[in-house]
Amino acid sequence: MASLERNNKILLDLVRQPGNNLCADCGAPEPDWASYTLGIFVCLNCSGMHRNLPAVSKVKSIRLDHWEDSLVEFMRERGNSAAKAIFEKCVPAFFYRPQQNDCIVLKDQWIRAKYERREFTGENNHFNQVYNSDQFESTLWKKGKDNKHFLKRIFLLSQKDFTLRYSIKEDSKVPKAVISMKDLNAVFQPEKVGHAHGLQISYLQDERTRNLFVYHENGQVIVSLFNAIRATRLAYLQKKNPTLQEKDLIPQLTRCCLKEGYMEKTGPTQREPFKKRWFTLCSMDRKLLYFKTPLDATELGAVFIGSESHSYSVSESSGKNTRGGRWHCGITLQTPGRQFVFMCEQEQDQREWLEALRNVIAQPMTPEDYANEANLRRGK
């Protein structure tokens, strides 16, 4: 009993040390599980994924399970920093490192890539060559543009001309679409797509955002495509911006939206009936997009969000006397050309939208932002 208490106390002391105090795989604070074969401390969620790799990782609770002296000594010798030096020695700059709130498939494949496939130990360069190959081909299930049916499509990613193409058949002479890396974004959306491996690919088509919703049954395939897209985006941005450092380009490879969800909106005179729309806000391109439903292929419209110094502001507003609106938690967005009024269903939604919009407005505008603002104004 004394030995059990002593060992658990040693483990609790170890997990408080810098490096060990965050999950080795997703960075979650205060991990209370450990892989005693890898010598790392992990959070509860990541420990569940380690259980799926019994050949390389075995886990115990550092608080509840019995620990032998030899295992405690191994944890003392190894720890997260030492393991990271081995298993993350050669992670490519473009490779996405999942965080605590990322979806399961991203975290699961990151863990498998590190410990099961040992992609980043420097033992071989095979996987890096796959992500950076001239062409990366994959057959994905893609949602139809005007219906809910998913059909198989052939996707071909090319670093030669920085494009992503997709075709109905492998021998199709003309692809359904040729998408430039210039405006392409990819983000995992399992809940929206309705599949654990659901990926949303967005790009500009005739100055409007076009969405593709795809998935693959195999988690490794879809995450490999995602990282290959990031590798191709990096190569494109390096060619476009040869003077910028790699660390400045990495945040631009793929980007998650700041906030998504339903709001009601009215028209330019504010006398039109309120209509329920699905909104997406991205800080990178400073656009508030709106769609009829979350799975719409093409945006209905977009609002550019400039900075405070350029007469953009957002404030809480009264939801009284709204024409045809069912929701009453109001937001007023002021732009140089127009005042927009939105309604949220709950006060919590209202607070989150206000915070997200203020976050964008507080950021100074770049030369590219000015160009995007001008393009949106011309398109109106």
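None of the values given here were measured: they were computed from a predicted structure.

Take the sheet that holds strand 3 (residues 59-61) next. The strands that make up a sheet are held in pairs by hydrogen bonds between backbone atoms, and each pair lies either parallel or antiparallel. Across the sheet, which stays open at both edges, the three strands sit in the order 2-1-3 with antiparallel pairing between neighbours. At either end of the open sheet lies a strand with only one pairing partner, and these are strand 2 (40-42) and strand 3. Pairs of neighbouring strands in the sheet enclose a mean axial angle of 30°, with direction left out of account. As paired elements, strand 1 (residues 33-35) and strand 3 share three bridges and run antiparallel to each other.

Attention now goes to the pairing of strand 5 (residues 150-158). Each regular strand carries side chains that alternate between the two faces of the sheet. Across nine bridges, strand 4 (residues 135-143) lies against strand 5 in antiparallel orientation. Along strand 5, the bridge assignment pairs serine 138 with phenylalanine 155. Taking the residues that link successive antiparallel strands as the turn, the strand 4-strand 5 hairpin has six residues. Inspection of the sheet shows strand 5 paired to strand 6 (residues 163-167) by five bridges, in the antiparallel sense. Its bridge partner being in strand 6, leucine 156 is matched across the sheet by arginine 165. Adjacent in sequence and paired antiparallel, strand 5 and strand 6 are bridged by four residues, among which phenylalanine 162 carries a positive phi angle near 55°.

With that settled, the discussion passes to helix 5 (residues 104-116). The end-to-end C-alpha separation of helix 5 is 17 Å, in line with the 18 Å expected for 13 residues at 1.5 Å each. Looking only at helix 5, the buried set comprises Val105, Leu106, Lys107, Asp108, Gln109, Trp110, Ile111, Arg112, Ala113, Lys114 and Tyr115. Buried positions along helix 5 lie against strand 2, helix 2 (44-50), helix 4 (79-87), strand 8 (185-188) and helix 8 (219-240). Positive phi shows up at arginine 118, right after helix 5, with a value of about 50°.

This next bit is on the sheet that holds strand 4. The strand order across the open sheet formed by seven strands is 7-6-5-4-10-9-8, and the pairing between neighbours is antiparallel. Every other strand in the sheet has two partners, leaving strand 7 (177-180) and strand 8 as the edge strands with one partner each. The sheet shows a mean angle of 35° between the axes of neighbouring strands, direction not considered. Across the face of the sheet, helix 8 comes into contact with strand 4, strand 5, strand 8, strand 9 (199-205) and strand 10 (208-215) while running at roughly 120° to strand 4.

A separate point is the packing of aromatic side chains. Given two aromatic rings, their pairing is described by the distance between the two centres and the angle made by the two planes. Evaluation of the coordinates by the stated rule reveals 19 aromatic pairs. Taken together, a centroid distance of 6.4 Å and an interplanar angle of 15° make the contact between tryptophan 141 and tyrosine 215 stacked. Of this pair, tryptophan 141 sits in strand 4 while tyrosine 215 sits in strand 10, and the two are 74 residues apart along the sequence. Judged by its relative accessible area of 28%, tryptophan 141 falls in the partly exposed class. Their ring planes at 80° and their centres at 6.4 Å tell us that phenylalanine 279 and tryptophan 353 sit as a pair that is edge-to-face. On the criterion of sequence distance, the pair formed by phenylalanine 279 in strand 12 (residues 275-282) and tryptophan 353 in helix 10 (residues 347-361) is long-range, its members being 74 residues apart. Here the two residues phenylalanine 279 and tryptophan 353 agree in accessibility, since each one is buried. What links up through ring pairs into an aromatic cluster is the set Phe94, Phe95, Trp110, Phe120 and Tyr131. Taking NZ or CZ as reference, lysine 60 lies 5.5 Å from the ring centre of tyrosine 36, over its face. Directly above the aromatic system of tyrosine 262 lies the positively charged group of lysine 276, at a separation of 4.4 Å from the ring centroid.

We now examine the nonpolar core. Counting 43 residues, the largest nonpolar core has Leu164, Phe188, Leu199, Ile201 and Ile222 as the members making the most contacts within it. If we ignore the near neighbours within four places in the chain, the residues touching phenylalanine 188 are Cys103, Val105, Leu106, His197, Gly198, Leu199, Ile222, Val223 and Phe226. With 28 residues, the next largest nonpolar core counts Leu281, Tyr290, Cys344 and Ile361 among its residues.

This brings us to the side chain of glutamine 159. With respect to the helices and strands, the residue glutamine 159 is situated in the loop between strand 5 and strand 6. Within the structure, the side chain of glutamine 159 is placed 3.1 Å from the side chain of asparagine 132, a separation counted as a polar contact.

Another point: the pattern of salt bridges. Two side chains of opposite charge can pair, provided their charged atoms sit close to one another. Under the criterion given, the structure shown has 20 salt bridges. Between glutamate 73 and arginine 76 there is a salt bridge, with the nearest N and O atoms lying 3.4 Å from each other. Residue glutamate 73 and its partner arginine 76 are both found in helix 3 (residues 69-77); the two are separated by three residues, about one turn of the helix. The partner of glutamate 299 in a salt bridge is arginine 208, and the shortest N-O contact between them spans 3.5 Å. Of the two residues, glutamate 299 sits in the loop between strand 13 (287-291) and strand 14 (301-304) while arginine 208 sits in strand 10, which places them 91 residues apart along the sequence. Glutamate 299 sits in the buried class, given a relative accessible area of 7%.

A few words on helix 3. Every buried residue of helix 3 is listed here: Leu71, Val72 and Met75. The buried residues of helix 3 occupy one face: seen down the axis, they fall within an arc of 100°. Exposed residues lying more than 90 degrees from the buried face of helix 3 are Ser70 and Glu77. Phi for glycine 79, located one or two positions after helix 3, is positive at around 85°.

Parameters and conventions
The residue numbers shown here count from 1 along each chain, following its written sequence. Confidence filtering applies because this is a predicted model: local features only for residues at pLDDT of at least 70, side-chain atom pairs given and counted only at 80 or more, and all residues used for totals across whole chains, interfaces and linings. Here the side-chain values reflect all heavy atoms present in the structure, with hydrogen atoms and water set aside. Following DSSP output, two strands are said to pair if at least two bridges run between them. Secondary structure elements are defined from DSSP: runs of H or I of at least 4 residues count as helices, runs of E of at least 2 residues count as strands, and each element is numbered from the N terminus. Geometry is summarised by axes, namely lines fitted to C-alpha atoms with helices restricted to the contacting stretch, and by angles between N-to-C directions that run from 0 to 180 degrees. By this rule, a helix spans an expected 1.5 Å times one less than how many residues it contains. Using a 1.4 Å probe on the protein chains alone, a residue whose accessible area is under 20% of its type maximum counts as buried, one over 50% counts as exposed, and one in between counts as partly exposed. Whether two residues are in contact is decided by their heavy atoms: any pair within 4.5 Å suffices. When the centres of two rings from Phe, Tyr and Trp lie within 6.5 Å, Trp using its six-membered ring, the rings pair. Their planes under 30 degrees apart give stacked, over 60 give edge-to-face, and anything left gives tilted. Whether a charge sits over a ring comes down to the Lys NZ or Arg CZ being within 6 Å of the ring centre and within 35 degrees of the ring normal. We define a nonpolar core as any set of buried Ala, Val, Leu, Ile, Met, Phe, Trp, Tyr and Cys residues linked to one another through side-chain atoms lying within 4.5 Å. Throughout this description, a polar contact denotes any pair of N or O atoms lying within 3.5 Å of each other; where both atoms belong to protein, one of them has to be capable of donating a hydrogen while the other can accept it, and for residues adjacent in sequence the pair is counted only when both atoms sit in side chains. Throughout this description, the term salt bridge denotes a Lys or Arg side-chain nitrogen within 4 Å of a carboxyl oxygen of Asp or Glu. For this quantity, the arc is that covered by the directions from the helix axis to the C-beta atoms.

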